[in-house]
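A structural walkthrough
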Amino acid sequence: MPGMFDPRFERSVNVLCVHDEDGALGVGIGHVREGVRFHDVLEELGLDPGVSPNREIMHGGPVEPGRGFILHSTDWGGSDTIEVAPLCGLSASMDVLRAIAAGQGPSQWIMALGYAGWGAGQLEGEMRHHGWYAAEGHREVLFETPPEGRWSATWRAEGIDPALLSNETGRA
């Protein structure tokens, strides 16, 4: 939301991948991780980049910033893929990296390092205190919009002009 109380998440767009009684896990897709690209990650892991494009990497969040995640189209799935229905799949294994390098991976994908995590009930509390807005997942925002445009594109896809939103939540 505009006026987010935590500057680490200012103008943040996160794909909420897991949300249950134990908490939530989201992967940020709105901010590029400066100084690292996909081939850098593959080389660090000892993998040949093969035919993979050398894309930017997203700052997935402040938790485990060295851990990689691939948000991808559902035309590929590995043994560890989590379905983020109906938007995408989430994979965090070497299998998806090898498949992308070999040109046999998902047709659409984004890599992020790190994630945002919330304990049980924490995300719900932050939403009540003007932290987050729960938008529908929009595949075109995820896979077809450049990172710097995803925040405003998400609002547009929801039919909301963020310039008209207040920086604080009121009480009636």
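In this report, the structure presented in the accompanying data block is examined.

Analysis parameters
Residues numbered from 1 in each chain as written. Predicted model: local features only at pLDDT ≥ 70, side-chain atom pairs only at ≥ 80, totals over all residues. Heavy atoms only, no water. Helix = DSSP H or I, 4+ residues; strand = E, 2+ residues; numbered from the N terminus. Rg over C-alpha atoms; globule rule 2.2 N^0.38 Å. Buried < 20%, exposed > 50% of the residue type's maximum accessible area, 1.4 Å probe, protein only. Contact = heavy atoms within 4.5 Å. Areas by Shrake-Rupley, 256 points an atom, 1.4 Å probe, with all protein chains shown as cover. Pairing = 2+ DSSP bridges. Polar contact = N/O pair within 3.5 Å; in protein donor to acceptor, adjacent residues only side chain to side chain. Core = buried A, V, L, I, M, F, W, Y, C linked by side-chain atoms within 4.5 Å. Phe/Tyr/Trp six-rings, centres within 6.5 Å; stacked < 30°, edge-to-face > 60°. Salt bridge = Lys/Arg side-chain N within 4 Å of Asp/Glu carboxyl O.

1. A look at the overall build of the protein
Looking only at helices and strands, the protein has five helices and eight strands in total. Its helices and strands in sequence order give the protein the pattern β-β-β-α-β-β-β-β-α-β-α-α-α, from N to C terminus. Its C-alpha radius of gyration of 16 Å places the protein within 12% of the 16 Å reference for a compact globule of 172 residues. Here the C-alpha coordinates of the protein stretch approximately 55 × 30 × 30 Å along the principal axes. When the 172 residues of the protein are sorted by exposure, 44% land in the buried category. Within the protein, contacts between residues separated by at least 24 positions form 68% of all contacts whose residues are at least 6 apart in sequence. For the protein, the exposed surface amounts to about 9,200 Å²; the carbon and sulfur share of it is 50%.

2. Notes on the pairing of strand β4 (residues 56–59)
In terms of strand pairing, strand β3 (residues 32–37) meets β4 through two bridges, oriented antiparallel. Note on β4: the bridge partner recorded for R37 is E56. As paired strands, β4 and strand β8 (residues 109–119) are joined by two bridges and run parallel to one another. The residue bridging H59 from the neighbouring strand is L113, located in β8.

3. Observations concerning helix α2 (residues 94–101)
Of the positions making up α2, those classed as buried are V96, L97, A99, I100 and A101. Contacts made by the buried residues of α2 are with α1 (38–44), β5 (63–72), β7 (88–91) and β8. Near the N-terminus of α2, the side chain that reaches the backbone nitrogen of D95, with its oxygen 3.2 Å away, is that of S93. Positive phi shows up at G103, right after α2, with a value of about 75 degrees.

4. So, the nonpolar core
Core analysis: the largest hydrophobic core is formed by 20 residues, its most contacted members being V15, C17, V27, L71, C88, L90 and L142. Residue contacts for L71: discarding those within four places in its chain leaves V15, C17, V27, I29, C88, G89, L90, Q108, W109, I110, L142 and F143.

5. A word on the packing of aromatic side chains
Considering all chains together, one arrives at five aromatic pairs under this definition. Geometrically, the ring pair formed by F38 and W109 is tilted, given 4.6 Å between the ring centres and 50 degrees between the ring planes. Taken together, the positions of F38 in helix α1 and W109 in strand β8 put the pair 71 residues apart, joining distant regions of the chain. Accessibility assignment for this pair places F38 and W109 in one class, buried. Through a chain of ring-to-ring contacts, three or more aromatic side chains come together here, namely Y133, W151 and W155.

6. Some thoughts on the pattern of salt bridges
Under the defined criterion, the tally for this structure stands at two salt bridges. With a shortest N-O distance of 3.8 Å, R67 and E64 are connected by a salt bridge. With a closest N to O distance of 3.6 Å, D95 and R98 form a salt bridge. On the criterion of helical spacing, the pair formed by D95 and R98 is a turn pair, its members being three residues apart in helix α2. With a relative accessible area of 40%, D95 lands in the partly exposed category. Classification of R98 as partly exposed rests on a relative accessible area of 44%.

Scope: geometric values only; no functional claims are made or implied.
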